[in-house]
Structure formats: structure tokens, C-alpha cells
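Residue strings, one per chain:
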Amino acid sequence: MDYVIALAGNPNSGKTTLFNELTGSKQHVGNWPGVTVDKKEGVYKKDKNIKILDLPGTYSLSPYSAEEIIARDYIVKNKPDVVINIVDGTNIERNLYLTLQIAETKIPMVVAMNMMDEVESQGDKIDCEKLKNILGVPVIPIVARNGKGLDKLMAEAVKVAKDKPLGKKLEVFDENISNAVNAISELLIESNNDSSSVKAISTEAQWKAIKLVENDEIVSSTLSDNKRAAVEKIVREAEKNADGDTEAKIADLRYQFITKTVNTAVKKSKKGYVETK
Ligand code: GDP
Ligand code: MG
Ligand code: K
């Protein structure tokens, strides 16, 4: 296999439609180890050396459901060459929440902006160039249902899989949260400085640090007692400054970033609205 491409997206974003379009009839359906969540794999019908894997549909990469845990473990541990994040363009605010979380893992990513036929028929405009500049990853408009844009999407995905760009640092968090994330990240790197791959470790440390500020119990359970205590101290301090729950604060900051992004890159017509009295 040359490359492994994983598809990630919200439920109903068109993931299965895209997977079927890309793989044609040759697919293998099994289960993820230990759970009854479908695992679908296939190869790209136009290049048999590209493996395509369909991750479970999720709104988030938090540790609250089997689907979310599978999706994030696969991205963070198995590290596909590239993730195609399929976004329902008619529901862009909600879908971009997952996009931001995939970006936090620093996995090479391409965004497939799907349902562009419906976006257009609603009279809305999504500026994929602007989105690309804001998010620092290619954003390709597609219509999964009729195959429109898929050649371009796959060409970009292969390019990103090959080049593995580091990704842009997105200014999502405020100073308080950033400080906590950086402090925890340094703490995690300290214990790992015997490793040869410093870059990979620090990328992983950054992601883990964000999860720890979100009080992620699965990531927390991987720490030594000493480390966990040190992390908790930093998180308690951040909580004081945030006036409460850091998990809620991070969610709030992600949504603020998304609102700004959508205001810049999306123009909505009034057509879709129904007047109510
Ligand atoms: P999944 O839950 O992410 O696997 O989503 P599906 O592939 O099952 O698609 C959800 C619904 O959206 C289905 O009714 C699809 O036919 C429809 N759909 C998928 N892609 C497109 C598209 O590009 N345009 C439109 N209009 N509908 C689409
Ligand atoms: Mg599906
Ligand atoms: K639809």
C-alpha cells in the first residue's frame, strides 16, 4: 500500500456515500476490535495502492462513546497518511467542531466540503479558498452523491499524504487555556526525552495536553500518579482563571472560533429561513 486515507465526519455528512463512490463495489466490512461498530475498508477504485478506511461517524473526539474513542485512537495511534474530513456544508457550524478537533491532532488533513449542490440550491455561498486560508488545510467542494469534485479531492489528499505538511497553528484558545496546555505539554515531553522522534512526541504531547485540560479520563489514566497530580494542579489553576469548567470553556472557545470563521467565509441567503409568527 502506498497510502492509507481515513474518512472522518459527523453522522449524516455523506461519509458512506463518499466511501462508496471512492471504493466502488470492492469493500470489506468487519468490526473494530472489541466493539460492534462497523469497520469498513476498501481501496480507491482509480488506484489500488490507496487504502480507504471509513471511521465511525462522530461529532467530537471526546471519550464519551465507542465511536469517538475508535475514531480518535485510530487518528492518534495508527496515524493514517491523511484524514479526509467530510463536512456537511448545509450544517457547517456543527461540522467544523470536529474539524477543529482533528486539526488539534496535527494529522495531515484535507476537508471535503460536501452537499455543495444543496448549499447552492439554498442560495448560500461557501468560500473554500477563505476557509483554506483560515484552517491551513485544503478545502475541496464536492457533491459526494454524484461524484463531483472527487478527483480533485483525491489528488489533494495524495499530495498531503506525500508532503505531510505540519499544519498551521490555529488561534482557538485564550491565554489562560493556552498557558495550561503548554505547561502540561512540557511536563509530558520531559518524561519522554529519551525518544528519538522529538517532533512526533511534542505533537502528541500537545494533543494529550488539550485533552487533559478537558479532563479527559482516558488520557489521564495513562499518566503516572506523579504526573497526574502535577497535571491536576495546572488544570485547577486554569479553572480558577476560567471561572469554572475548563472543558466547557474549551468547547466555548472552539465555537467562538467557528462563528468567526463562518462569518468570514460563508454567506447565507435568507432563502432557507421560514418566517414564523
Ligand atoms: P453518513 O451518515 O455520513 O454515512 O451519510 P450518508 O452517506 O448516509 O449520507 C446521508 C444523506 O445525505 C443520504 O441521504 C445521502 O444520499 C445524502 N448525501 C450524501 N452526499 C450528498 C451530496 O453531495 N448532496 C446531497 N444533496 N445529498 C447527499
Ligand atoms: Mg454512514
Ligand atoms: K440531505
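Basis of the calculations
- Residues numbered from 1 in each chain as written.
- Chains lettered and ligands numbered in written order.
- Predicted model: local features only at pLDDT ≥ 70, side-chain atom pairs only at ≥ 80, totals over all residues.
- Heavy atoms only, no water.
- Near = heavy atom within 4 Å.
- Polar contact = N/O pair within 3.5 Å; in protein donor to acceptor, adjacent residues only side chain to side chain.
- Areas by Shrake-Rupley, 256 points an atom, 1.4 Å probe, with all protein chains shown as cover.
- Helix = DSSP H or I, 4+ residues; strand = E, 2+ residues; numbered from the N terminus.
- Nonpolar A, V, L, I, M, F, W, Y, C, P; charged D, E, K, R; others polar.
- Pairing = 2+ DSSP bridges.
- Axes fitted to C-alpha atoms, helices over the stretch in contact; angles between N-to-C directions.
- Contact = heavy atoms within 4.5 Å.

Looking at an unreviewed UniProt entry, one finds the protein named Ferrous iron transport protein B and attributed to Tissierella pigra.

(A) Spotlight on the site of ligand 1. Contacts to ligand 1 come from 15 residues, most closely from N12, K15, T16, T17 and D117. Taking N12, its main chain carries an N or O atom lying 2.7 Å from an oxygen atom of ligand 1. A distance of 2.8 Å separates an oxygen atom of ligand 1 from a polar side-chain atom of T16. Coverage of ligand 1 by the protein amounts to 76% of the 580 Å² it exposes when considered alone. Where the shell around ligand 1 is concerned, the elements lending two or more residues are helix 1 (15-23) and helix 4 (116-121). Ranked by residue count, the leading element in the shell around ligand 1 is helix 1, at 3 residues. A breakdown of the residues in the shell around ligand 1 according to their chemical character gives 4 nonpolar, 7 polar and 4 charged.

(B) Quick look at the sheet that holds strand 8 (residues 139-141). One open sheet accounts for 7 strands, arranged 2-3-4-1-5-6-8; its pairing is mixed. The open sheet has two edge strands, strand 2 (27-31) and strand 8, and neither has a second partner. Pairs of neighbouring strands in the sheet enclose a mean axial angle of 25°, with direction left out of account. Here strand 1 (residues 3-9) runs beside strand 4 (residues 47-54); their pairing, made up of 5 bridges, is parallel. Following the sheet pairing, I5 is matched in strand 4 by I52. Along the sheet, helix 5 (residues 128-135) makes contact with strand 6 (109-114) and strand 8, crossing strand 8 at roughly 160°. Helix-sheet contacts for helix 6 (residues 150-163) involve strand 1, strand 3 (38-44), strand 4, strand 5 (82-88), strand 6 and strand 8, and the interaxial angle to strand 6 is about 165°.

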